[in-house]
Structure formats: C-alpha cells, structure tokens
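# Understanding the architecture of this molecule
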Amino acid sequence: QFCNGKGEHMSEEERKFLEIDDLTKGFGSGETRQEVLRGMNFSVAKGEFCVLLVPSGSGKSTLLLALESGGFQCVPEVSRELIRQEVAKDSKCVPWKDLACFAKLCLHQMIIDFENVLERELTFFDRGIPDIIAYLRFGGLPVDDIFVAAAKHYRYAANVFIAPPWEAIYIN
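Below, the structure is looked at part by part. (Residues numbered from 1 in each chain as written. Predicted model: local features only at pLDDT ≥ 70, side-chain atom pairs only at ≥ 80, totals over all residues. Heavy atoms only, no water.)

## Observations concerning the packing of aromatic side chains
- In total, this model carries two aromatic pairs according to the counting rule given.
- Judged by centre distance (5.3 Å) and plane angle (75 degrees), the rings of Phe114 and Tyr154 are edge-to-face. Here Phe114 is found in helix α4 (residues 99–116), whereas its partner Tyr154 is found in the loop between α6 (145–153) and β6 (160–161), with 40 residues between them in sequence. Both residues of the pair, Phe114 and Tyr154, count as buried.
- Among the aromatic residues, those joined into a ring-pair cluster are Phe114, Phe125 and Tyr154. (Phe/Tyr/Trp six-rings, centres within 6.5 Å; stacked < 30°, edge-to-face > 60°. Helix = DSSP H or I, 4+ residues; strand = E, 2+ residues; numbered from the N terminus. Buried < 20%, exposed > 50% of the residue type's maximum accessible area, 1.4 Å probe, protein only.)

As structure tokens, then:
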C-alpha cells in the first residue's frame with residue numbers, strides 16, 4: 001500500500017502525479033545532434049520529494065530544467081554555490097582542503113532546503129543527503145552520526161533516478 005505524508009492510503013491515480021514516458025532531449029541538429037536524455041520513463045506520486053543521484057554528464061541538469069519549465073519545484077545542487085561563497089571568503093572549508101567541514105556546510109544547507117519545501121506537492125532535488133554520505137566514504141572519511149540521523153529524518157521518495165553518463169562529453 002502507498003500512503004501520503006499523513007499515513008492515508010493513496011489510490012493508483014493519486015500516486016501517479018507525474019508520469020514521464022520516453023522523455024528524450026538533445027542539443028543541435030543533424031550529424032552534430034547530441035542526445036542527452038534518451039527514453040527516460042518514470043512516475044512520481046503526489047507529495048514525494050525526489051532526489052536525483054546520478055553522475056555528472058548524465059543529463060541531470062537537462063532533466064531538472066525540463067521539470068522546472070513544466071512548473072515543478074526543483075531545488076538546485078547546494079555545493080556549487082557553497083564553493084563560490086567559501087572561495088570568495090578565502091575559506092579552508094572547501095572540498096579540496098577540508099572535505100569534512102564542507103560536508104557539514106552542505107548538510108546544513110540541504111536541511112534548510114528540505115524544510116523550506118516541506119509543504120510543496122512535489123519537489124525534485126539536485127543531489128541530496130545520501131550524496132554527502134557517499135562522498136565522505138569515497139574520500140575515506142568517517143561518516144558522523146549527524147549525517148546518518150539527517151538521512152533518516154529527511155527522507156526522499158523511494159524512487160531514485162539513475163542515468164548512465166553522457167559518454168560523448170568525456171575524452172580519454
């Protein structure tokens with residue numbers, strides 16, 4: 001059974017607030033056309049907070065722009081703006097100098113963003129709290145209890161969108 005945020009049973013029709021069928025998006029035309037999204041299919045229920053946990057170059061930004069232009073609430077990635085702010089202050093709290101400090105900044109902003117959209121019908125997040133945990137683990141750092149507690153408290157929808165990288169933009 002599917003329930004809304006209040007624990008009430010949701011019908012099949014209520015659950016399918018947004019349904020995407022064979023979404024394709026590209027840039028250019030003819031031989032120079034580059035497909036960014038190909039055959040993306042998914043549905044999202046009312047009231048869900050969806051997080052996009054996909055690699056760079058997978059069409060995530062393009063998907064978010066398409067959703068936003070369709071009138072859906074989208075929350076941008078927090079790390080880019082935080083890096084700009086910290087670099088402007090000549091701070092050491094940037095990922096290449098102090099990843100643990102930067103992760104805490106990101107967590108703080110992600111919690112603010114999550115709480116600011118709590119009453120929205122449907123929200124898409126460009127990355128989320130699970131990304132911070134993965135990034136800390138990838139960096140070989142311990143994951144403090146505050147990150148685990150936040151991931152348990154600030155829950156995203158069960159749907160996780162995974163897309164393969166856009167290979168044409170990578171040069172080996």
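That was the structure; now back to the text.
## Focus on empty space enclosed by the protein
- Under the counting rule described, the total for this entry stands at two cavities of 30 Å³ or more.
- Approximately 50 Å³ is the volume found for the largest cavity.
- Val75, Pro76, Glu77, Val78, Met110, Asp113, Phe125, Asp126, Arg127, Gly128 and Tyr156 are the residues that line the largest cavity.
- At the level of elements, α4 and β5 (123–126) are the ones that each hand at least two residues to the lining of the largest cavity.
- Of the residues in the lining of the largest cavity, the class split is six nonpolar, one polar and four charged. (1 Å grid on protein atoms, 1.4 Å probe; cavity = no way out; pocket = protein on both sides within 12 Å on 5 of 7 lines; lining within 4 Å. Points joined across faces, edges and corners; volume = space filled by probe spheres on them. Nonpolar A, V, L, I, M, F, W, Y, C, P; charged D, E, K, R; others polar.)

## Some points on the environment of Leu64
- Topologically, Leu64 is positioned in helix α2 (residues 60–69).
- Sequence-wise, Leu64 and Phe125 are 61 residues apart; in three dimensions their C-alpha atoms are separated by 8.5 Å.

## Quick notes on the nonpolar core
- Judged by nonpolar contacts, the single largest core of 22 residues is most densely connected at Leu107, Ile129, Ile132, Leu136 and Phe147.
- For this core, the secondary-structure elements that each account for two or more residues are α3 (78–88), α4, α5 (129–138) and α6.
- Of the residues forming this core, the biggest block, eight residues, is contributed by α4.
- The next biggest cluster of nonpolar side chains, apart from the first, holds seven residues, and it includes Leu67, Phe72, Cys74 and Phe124. (Core = buried A, V, L, I, M, F, W, Y, C linked by side-chain atoms within 4.5 Å.)

## Notes on α3
- Regarding α3, the residues found buried are Val78, Ser79, Leu82 and Glu86. Within α3, the buried residues cover an arc of 85 degrees as seen down the axis, which keeps them to one side. Of the exposed residues in α3, the ones pointing more than 90 degrees away from its buried face are Arg84 and Ala88.
- Those residues of α3 that are buried are in contact with α4.
- Looking one or two places after α3, you find Asp90, whose phi comes out positive at around 55 degrees. (Arc of directions from axis to C-beta. Contact = heavy atoms within 4.5 Å.)

## Quick look at the layout of surface pockets
- Taken as a whole, the second largest pocket holds about 250 Å³ of empty space.
- Glu77, Ser79, Phe102, Asp131 and Tyr135 are the residues nearest the centre of the second largest pocket, which is lined by 15 residues in total.
- Of all the secondary structure elements, the ones that give two or more residues to the lining of the second largest pocket are α3, α4 and α5.
- Here the lining of the second largest pocket gets five residues from one element, more than from any other, and that element is α4.
- Considered class by class, the residues forming the lining of the second largest pocket number eleven nonpolar, one polar and three charged.

## Quick word on the packing of α5 against α6
- Running from N to C, α5 and α6 cross one another at 150 degrees; their axes reach a closest spacing of 9 Å. Considering the angle they form, α5 stands roughly antiparallel to α6. Considering how the two elements wind past one another, α5 and α6 form a crossing that is left-handed. On the side of α5, the interface is formed by Ile129, Ile132, Ile133 and Leu136, while α6 contributes Phe147, Val148, Ala150 and Ala151.
- The class makeup of the residues in the contact of α5 with α6 is eight nonpolar, no polar and no charged. (Axes fitted to C-alpha atoms, helices over the stretch in contact; angles between N-to-C directions. Parallel < 35°, antiparallel > 145°, perpendicular 65-115°, else oblique. Left-handed = near helix turned anticlockwise from the far one by under 90°.)

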